[in-house]
Every structure is written in C-alpha cells, then in structure tokens.
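As a plain string of letters, each chain reads:
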Amino acid sequence: MIADRKDDHVRHAVNHQRQATGVSDFDSVTFVHHALAGIDAEDVSLAVEVAGKQWNTPLFVNAMTGGSIKTGEINRQLAIAAHETGIPLASGSMSAYFRDPSVAGTYRVLRQENPHGFVMANVNANATLDQVRSAIDLLEADALQIHLNAVQEVVMPEGDRSFGAWPRQIERIVADTAVPVFVKEVGFGLSRQTVTWLREAGVSVADVGGRGGTNFARIENDRRVGGDFGFIESWGQSTPNCLLDCADIPGIGIAASGGIRSPLDIARALALGADATGVAGAFLETLVSHDTAALIDKIGTWLDQLRTILTVLGARTPADLVGADLLITGDVANFCRLRGIDAAALAHRSPWWRESEHREGVTHE
C-alpha cells in the first residue's frame, strides 16, 4: 500500500539522519574572514524575493510527506511550525492523494494549520493537468513544486521506468499553471544543462536538490529484499557543486536543498548563488525525536544564527552574500576544475575592501 510506503520513507529518512557522519561538500566552502567588514545586526534583513514573491526568510520547509495517518500528523506539526516561524513550506508528493482522494486531509492540514502562509503543492512530472489543478486547489497553493526522481524510481521496487515524457509534460504544466512553478531534484542534483532547459520551459525556480541530504536511493534500497542497488547510493552531484555549476544562469531563480545541516550551510548556499534554501531531513528528525515546540525553537535559533553570520560578513541581506569571498577546496574544487568553473575568482569578489579604499582614499600596490 502507498500509505505503508510513505511511513517507510519517514522511518528510513529519520534513521539515516541519526546515522549521518556530518561530512559534507559544504565543508569545502569557506568564507574569507574580513575582521572590519562587520555591520550592526539591526541593519540586517533576512527578507528575500523568490519567484516574484516576498519571503521573510531565505529558509523554507521542503517537501517531505503525506498520504497516511502518521504522515498527516507530521504535516500538521510542520504546518504549525511554519505558521509560528513565518517560513514557507512545501507538501510532500501528492501522488497518494491522486490515487486515493480519501487521504486529502493529510495534505489539506498544511493549509488549515497555516492559513496565511506560503504553501507549495508537490507533484511528480507525470501528473496530469487535472491532477495539478486539484493539488493546487486542495492546498490553495501559492506555488507548484514538481519533483524529479528518476533515480529513486528505478531503485524503488514498484517505481516507474518511463521518463521520456517528463520534459514535454513539464512544459504543459508550466503553460497551464497560474502560480509560480518550482522544479526540484530529490537528492541527486540539477546540472547546468538541466537548469538552462527549465528556464527555457518557463519554470520560475530550480531547486538543485543535491546529494548530501535525504538519500532516496538508499531509502528505496533499504526497502528492497536483498538491497541490491547499493552501488547507486552515491549517484549525482552535491548541492554546492550544483550551485557552482548553475551560477549566473539568468532568468530563473535558484533554490538550494540537499544536506543543509546548519545556518552556516544556509549562508554558504546563499553565497554560492541560491535565492533560498530548503530543509527537510534535519527538521523531520527534530520533529520525530522531540516535538513541534522543539522544531519551532530550532527554526527560530537557525534564523537568529543566520542573522549573526550576515552581520559578521557585512551582508545587509541574504542576496548580498553573493559578494562574499569564498575559498573552494577539496572535491568541490576538483569538480570546478573538471566543469570549467573559475573557483579562484570566488576568493576575490568582496566589495568591502574596495569600498573602504574609496571612503578613505587608501591606495595599495
């Protein structure tokens, strides 16, 4: 049953979070510290613009679950946390609702508990136009999120094996949908070529959904008798690599999800060009291991800490972080070399020193 699969996904995702090593490609991205660049915390705003909409923060709760009694309760708690903290959130895949409309309440609760928040409805790339409209109507959604999960599907015993229709169907959905359309990977990353295609298709935001967070290849392999797909668990590009690969593509917003572990990772993702960052696994583990109050506290703490990071870096807004100096090392630097990305240029882009020279009339050899 699909409800059992949804519960399995949550159980395995939480277990994997608890077993995580803490090692990430984000650790290969380091801010250059300029000791006199800091500003007053009261001058920092966390507000961002995403798909033409104003968000109070660059953080959102990314797609997780729905479709069973247990996951409906998780969605209720996520919606309460989003309401209390003012951050946007996305539903989990609504495929269960399309197959069995009786589970509508497990998704509808996202809007019931968060009546004025920014809510995204999540569908797969095979969804019909009628299904898309139904999902948006059910949640009174402010945006549509289409997930790309070919790798997950091929590992899933009962998964799809036909993906050739996805590009044309995404074009149809975008053309038919009145709200902004986000397209996200589920943990294997979006390449520059893919994001460029999504822009041409009229997609508003590409969520790179890179390797490093919830690993659906591993989750589905855990569900297989014999677990014979272990070789594919490291498939794809990490989130920092995706962001570097997709830098400076005009005409489309970029969101970052996949392995965001802390406010520092949020700042790193923003500095690598993301307009906003989505978190799923880390929030799910907090909710399941503790309660809604703990998740609300965690989100509030992360936002406070993100503000302090911007204060030290001299960034008045999250968008200003794209001017911060970054050192790219390790496997991420190797990725840049192979993809023809000038990582060294990121270490010399801060406007702070040039501004101080202009103010003081200082010259340097």
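Residues numbered from 1 in each chain as written. Predicted model: local features only at pLDDT ≥ 70, side-chain atom pairs only at ≥ 80, totals over all residues. Heavy atoms only, no water.

The protein chain carries the name Isopentenyl-diphosphate delta-isomerase in an unreviewed UniProt entry, which gives Nocardia alba as its organism. In the Function (unreviewed entry) part of its UniProt record, the protein chain is described as follows: "Involved in the biosynthesis of isoprenoids. Catalyzes the 1,3-allylic rearrangement of the homoallylic substrate isopentenyl (IPP) to its allylic isomer, dimethylallyl diphosphate (DMAPP)." Per UniProt, the protein chain carries the Catalytic activity (unreviewed entry) text "isopentenyl diphosphate = dimethylallyl diphosphate". (UniProt positions renumbered as here; feature names shortened; annotations may be inferred.)

Chemist: Please provide a residue-by-residue account of the environment of Arg172, values included.
Modeler: By the secondary structure assignment, Arg172 is in helix 7 (residues 166-176). For the pair formed by Arg172 and Ala201, sequence separation is 29 residues and the distance between their alpha carbons is 9.1 Å. (Helix = DSSP H or I, 4+ residues; strand = E, 2+ residues; numbered from the N terminus.)

Chemist: Tell me about the pairing of strand 8 (residues 181-185), residues and numbers included.
Modeler: Counting buried positions over the 5 residues of strand 8 gives 5, a clear majority of the element. Here strand 8 shows two buried faces, one formed by Val181, Val183 and Glu185 and the other by Phe182 and Lys184. Here 5 bridges tie strand 7 (residues 143-148) to strand 8, and the two strands are oriented parallel to one another. The partner of Leu148 across the bridge, within strand 8, is Glu185. Each parallel crossover has a hand, and the one from strand 8 via helix 8 (residues 192-200) to strand 9 (residues 205-207) is right-handed. (Buried < 20%, exposed > 50% of the residue type's maximum accessible area, 1.4 Å probe, protein only. Pairing = 2+ DSSP bridges. Right-handed = clockwise from strand over helix to strand, strands pointing away.)

Chemist: Which residues make up unusual backbone geometry, and what values do they have?
Modeler: Notably, Ala51 is not glycine yet its phi reads approximately 55°, a positive angle. Accessibility expressed as a relative area gives 27% for Ala51, which makes it partly exposed. We note that Glu140 has phi near 45°; this positive angle belongs to a residue other than glycine. As for its position among the elements, Glu140 is in the loop between helix 5 (129-139) and strand 7.

Chemist: Any chance you could break down the UniProt feature "binding site: Mg(2+)" (unreviewed entry) in the protein chain for me, citing the residues and the numbers?
Modeler: The UniProt entry lists Glu153 under the feature "binding site: Mg(2+)" (unreviewed entry), expressed in the numbering used here. Looking at the secondary structure, you find Glu153 in helix 6 (residues 150-155). When residues no more than four places from it in sequence are discounted, the contact partners of Glu153 are Gly159, Asp160, Arg161 and Phe163. (Contact = heavy atoms within 4.5 Å.)

Chemist: An account of the nonpolar core is needed here, citing residue identities and associated values.
Modeler: In this structure, Leu139, Leu144, Phe283 and Ile328 are the most contacted members of the largest nonpolar core, which totals 87 residues. With 7 residues, helix 13 (residues 292-313) is the largest single contributor of residues to this core. In this structure, Val50, Met120, Ala143 and Ala255 belong to the second largest nonpolar core, which totals 12 residues. (Core = buried A, V, L, I, M, F, W, Y, C linked by side-chain atoms within 4.5 Å.)

Chemist: Please give an account of the side chain of Asp245 that cites residues and values.
Modeler: With respect to the secondary-structure elements, Asp245 resides in helix 10 (residues 239-245). With a relative accessible area of 6%, Asp245 lands in the buried category. At 2.9 Å, the side chain of Asp245 forms a polar contact with the side chain of Arg339. Look past the residues within four positions of Asp245 in its chain and what remains in contact with it is Ser191, Arg192, Phe335, Arg339 and Ile341. (Polar contact = N/O pair within 3.5 Å; in protein donor to acceptor, adjacent residues only side chain to side chain.)

Chemist: Run through the packing of helix 11 (residues 263-271) against helix 13, naming residues and quoting values.
Modeler: At a minimum axis distance of 8 Å, the contact between helix 11 and helix 13 shows a crossing angle of 55°. The pairing of helix 11 with helix 13 is recorded here as oblique in orientation. Handedness of the helix 11/helix 13 crossing: right-handed. Within the contact between the two elements, helix 11 uses Pro263, Leu264, Ile266 and Ala267 and helix 13 uses Trp302, Gln305, Leu306 and Ile309. (Axes fitted to C-alpha atoms, helices over the stretch in contact; angles between N-to-C directions. Parallel < 35°, antiparallel > 145°, perpendicular 65-115°, else oblique. Left-handed = near helix turned anticlockwise from the far one by under 90°.)

Chemist: An account of the packing of aromatic side chains is needed here, citing residue identities and associated values.
Modeler: Counted under the stated rule, the structure contains 7 aromatic pairs. Aromatic side chains Trp55 and Phe60 sit 5.6 Å apart centroid to centroid with 70° between the ring planes, which places their arrangement in the edge-to-face category. We classify Trp55 as buried; its relative accessible area is 2%. Consider the rings of Tyr97 and Phe98, whose centres lie 5.8 Å apart with planes at 50°: the pair is tilted. Residue Tyr97 is classed as buried on the basis of its relative accessible area, which comes to 12%. Members of the aromatic cluster, each reached through a chain of ring pairs, are Trp55, Phe60, Phe118 and Phe182. (Phe/Tyr/Trp six-rings, centres within 6.5 Å; stacked < 30°, edge-to-face > 60°.)

Chemist: So what's going on with the pattern of salt bridges? Residues and values would help.
Modeler: For the structure shown, the criterion picks out 12 salt bridges. Between Arg76 and Glu73 there is a salt bridge, with its nearest N and O atoms 2.7 Å apart. With Arg76 and Glu73 both in helix 2 (residues 69-85) and 3 residues apart, this pair spans about one turn of that helix. Between Asp265 and Arg261 there is a salt bridge, with the nearest N and O atoms lying 2.7 Å from each other. (Salt bridge = Lys/Arg side-chain N within 4 Å of Asp/Glu carboxyl O.)

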